[in-house]
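A structural walkthrough
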Amino acid sequence: MYSSVNTIWVLVGAALVFFMQAGFAMCEAGFTRAKNTGNILMKNLMDFCIGTPVFWLVGFGIMFGGTGAIIGGFDPMAMGDYSAILPEGVPFLAFFIFQTVFCATAATIVSGAMAERTKFISYCIYSLMISLLVYPVSGHWIWGGGWLSQLGFHDFAGSTAVHMVGGVSALVGAKILGPRIGKYDEQGKPRAILGHNLSIAALGVFILWFCWFGFNGCSTVSMTGDDTLVAAGSIFTTTNMAAATATLTTMIFTWIRFKKPDVSMTFNAALGGLVAITAGCDMVSVGGAAIIGICAGIALPLAVEFFDKVAKIDDPVGAISVHGVCGAMGTILTGLFSVDQGLLYGHGPAFLGVQALGVAGVILWVLVTMTIVFTVIKVTIGLRASAEEEIEGLDPTEHGLATAYAGFAISDGTAAPAAAIPAPAPSAKVSMDEAVPVQVRTGPKAPASDIKLSKVTIVCNPTKFEGLKAAMNDIGVTGMTVAQVQGCGVQKGRTEYYRGVAMAMNLLPKMQVDIVVSKVPVSQVIDAAKKALYTGSIGDGKIFVYDVEQVVKVRTGETGYDALQGEE
């Protein structure tokens, strides 16, 4: 007899875990450069589409096709009898799709750490191998009745089985692949390479957090019985608590360390807390979950800095730290904080030892197998895109996609050596007349009928543009050309940090306003502009004045002063 509520619960969980692909896609795209966006999105689509048939053909049988210590069995297309392992009242195909989406999650983690410089065909091959062999074997050890399961190893929803497998695979791949061009200077110091869209990255984090309630909560694979209902509520609560405390901890940690709270690492911390609690979300108290989250919130930024600055492993999105480090740590901490078996609850060290052994065993398995996989790919078809392809971007070179943002101009920042950052000159408050002297002129004040033409270019803070536009309108200037630009002065922009690395030349968003005037004196334009823009701080902007040799109105052919009629 099938249970409607149990089956629906499992299928809802499968749908939520599947939607995590969207979260990963948004996170990875946002944390990388615009010229590789299409490539990132394709990878997150294809690892699911490759993993689904491969897991059906081979992986599921290896994972669940028997009770051997190392592998389950070989059962092409999952045709065997799996009734002994099915959750109560859940049909086989409902359980199958639930396991499939977990497999695809392990594969998609790797793409972020190897982003922006991996051949697409190579990605497809190693993604296939993860779903075909690497994940199913270690998954059998943990969930399929293998040797770790027999020892009492506990990983409720996959801190180790899913996330650490993906994180360690990412570590191996990123190490063999090498860093992106320009990531390190001649002395080996890391350079900040900014992600192009933090809004999209934030959306990805919120999608993942939401879907994690299905990832962890629906892993009860049942919603019948009072005990199960209580357990589901506890799992939802511990999952949420760990994510929240991890996020708070990293925000405070980076605030203290870098003088400002780091946005991207705080996003990462939410995911790190979710990864860490996944192993023991059913075994720990809410207080224990909070402590696990705090541990993840401290470990995450330290791990990001270690891999970036010490190990010299370029991980654009922090996948190794989020999934590998926090996955391993959360699994081991379950041995401390489990209410029924944890060392801190007086139950002895045996369970903690099993948890540590399981983490070590799975790390060894993934290190060996993925080193072989990546090495074979590297020496045969090649793992890394060429330098020319990487510089141009993988969107045009791998997919023939000119841009993922047709109709928009998005500039990817260029890294420069951190050592090149000069200390900003101290800024003293000065008066408006001292800041922009009244004597700034292109000549004597001319009457409106004079035919002399001048171009005034104003570069200003975007927040001041509306005030500038109103000021120009008040003095009779109604024609202007406006562009959004990026730039900095001799101070190289403010010294900022991205993921703990100082940005050498911080190109700040600016508005460039071009005005050609004749009737309105240039001096009046300058005076009105400085009054609208002045704050007395670095970054108020600059005003440039040029002589204009000629102006031609295309529609009528009028030239000079006549061409500007109706423009000022």
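Values in this document were obtained by computation on a predicted structure and should not be read as measured data.

Per the secondary structure count, the chain includes 18 helices and six strands. By the burial criterion, 52% of the 568 residues in the chain qualify as buried. A total of about 23900 Å² of accessible surface is found on the chain, and carbon and sulfur atoms cover 65% of it.

So, about the packing of helix H11 (residues 319–337) against helix H12 (residues 350–379). At their nearest, the axes of H11 and H12 sit 7 Å apart, and the two run at 165° to each other. Accordingly, the angle class assigned to the pair H11 and H12 is roughly antiparallel. H11 and H12 meet at a crossing whose hand is right-handed. Across the interface between the two elements, Ala328, Thr331, Ile332, Thr334, Gly335 and Leu336 from H11 touch Phe351, Leu352, Gln355, Ala356 and Val359 from H12.

What the four strands build is an open sheet, ordered E2-E5-E1-E6; its pairing is antiparallel. Every interior strand has two partners, whereas the edge strands, strand E2 (481–487) and strand E6 (542–547), have only one. The mean inter-strand angle of the sheet, taken between neighbouring strand axes irrespective of direction, is 25°. As paired strands, strand E1 (residues 454–460) and E6 are joined by six bridges and run antiparallel to one another. Opposite lysine 455, over in E6, you have tyrosine 546 as the bridge partner. Where helix H16 (residues 465–474) meets the sheet, it contacts E1, E2 and strand E5 (508–517), and its direction lies at approximately 10° from that of E5. Those strands touched by helix H17 (residues 522–533) are E1, E5 and E6, and its axis lies near 5° from that of E1.

With their axes 7 Å apart at the nearest point, helix H9 (residues 263–277) and H11 run at an angle of 40° to one another. When the axes of H9 and H11 are compared, the crossing they make is right-handed. Residues Asn268, Leu271, Gly272, Val275 and Ala276 of H9 lie in contact with H11, whose contacting residues are Val322, His323, Cys326, Gly327, Met329, Gly330 and Thr331. A class-by-class count of the residues in the contact of H9 with H11 yields six nonpolar, six polar and no charged.

Below, the discussion takes up the side chain of glutamine 99. Looking at where glutamine 99 falls in the secondary structure, it is placed in helix H3 (residues 92–113). On the accessibility criterion, glutamine 99 (8% relative accessible area) is buried. Once residues within four sequence positions are removed from consideration, glutamine 99 is found in contact with Phe55, Phe60, Met63, Phe64 and Trp143.

Our focus in this paragraph is the packing of aromatic side chains. In total, this model carries 22 aromatic pairs according to the counting rule given. Counting every residue linked through ring pairs, the aromatic cluster contains Phe55, Phe60, Phe64, Tyr82, Phe92, Phe95 and Phe96. Over the face of the ring belonging to tyrosine 546 we find lysine 455, whose NZ or CZ atom lies 5.9 Å from the ring centre.

On the surface, a nonpolar cluster with roughly 430 Å² of combined accessible area is contributed by Leu364, Leu367, Val368, Ile372 and Val376. Inspection of the secondary structure puts isoleucine 372 in helix H12.

A positive phi angle, near 80°, is found at glutamate 116, a position not held by glycine. Mapping glutamate 116 onto the fold places it in the loop between H3 and helix H4 (120–143). By relative accessible area, which is 0% here, glutamate 116 ends up buried. For lysine 259, which is not glycine, the phi torsion reads 75° and is therefore positive. For lysine 259, a relative accessible area of 67% gives the class exposed.

As for its position among the elements, serine 131 is in helix H4. With near-sequence residues (within four places) excluded, serine 131 lies in contact with Gly51, Val54, Phe55, Gly59, Cys103, Ala107 and Pro136.

Let's shift gears to the nonpolar core. Counting 107 residues, the largest nonpolar core has Tyr126 and Tyr135 as the members making the most contacts within it. Considering each element in turn, this core owes the most residues, 13 residues, to H3. If sequence neighbours within four positions are ignored, tyrosine 126 has contacts with Val110, Ser111, Met114, Thr118, Val373, Phe374, Ile377 and Leu383. Judged by nonpolar contacts, the second largest core, of 21 residues, contains Cys460, Leu468, Ile475 and Ala528.

On to the pairing of E1. A large share of E1 lies buried, amounting to six of its seven residues. The pairing of E1 with E5 spans seven bridges and is classified as antiparallel. Its bridge partner being in E5, valine 459 is matched across the sheet by glutamine 512.

Turning our attention to the confidence of the model for the chain. In this model, the chain carries a mean pLDDT of 88, and residues with pLDDT of at least 70 account for 88%. Contacts of residues 414–427 to residues separated by more than four positions or lying in other chains number 26 contacts, the stretch itself having pLDDT below 50. Note on residues 438–450: pLDDT is under 50 here. Beyond four places in sequence and across chains, it has 16 contacts.

Calculation criteria
- Residues numbered from 1 in each chain as written.
- Predicted model: local features only at pLDDT ≥ 70, side-chain atom pairs only at ≥ 80, totals over all residues.
- Heavy atoms only, no water.
- Helix = DSSP H or I, 4+ residues; strand = E, 2+ residues; numbered from the N terminus.
- Buried < 20%, exposed > 50% of the residue type's maximum accessible area, 1.4 Å probe, protein only.
- Areas by Shrake-Rupley, 256 points an atom, 1.4 Å probe, with all protein chains shown as cover.
- Axes fitted to C-alpha atoms, helices over the stretch in contact; angles between N-to-C directions.
- Parallel < 35°, antiparallel > 145°, perpendicular 65-115°, else oblique.
- Left-handed = near helix turned anticlockwise from the far one by under 90°.
- Contact = heavy atoms within 4.5 Å.
- Pairing = 2+ DSSP bridges.
- Nonpolar A, V, L, I, M, F, W, Y, C, P; charged D, E, K, R; others polar.
- Phe/Tyr/Trp six-rings, centres within 6.5 Å; stacked < 30°, edge-to-face > 60°.
- Lys NZ or Arg CZ within 6 Å of the ring centre and 35° of its normal.
- Patch = residues over 30% accessible without salt bridge, like charges linked within 9 Å, V, L, I, M, F, W, Y side chains within 5 Å.
- Salt bridge = Lys/Arg side-chain N within 4 Å of Asp/Glu carboxyl O.
- Core = buried A, V, L, I, M, F, W, Y, C linked by side-chain atoms within 4.5 Å.
- pLDDT = per-residue confidence, 0-100.

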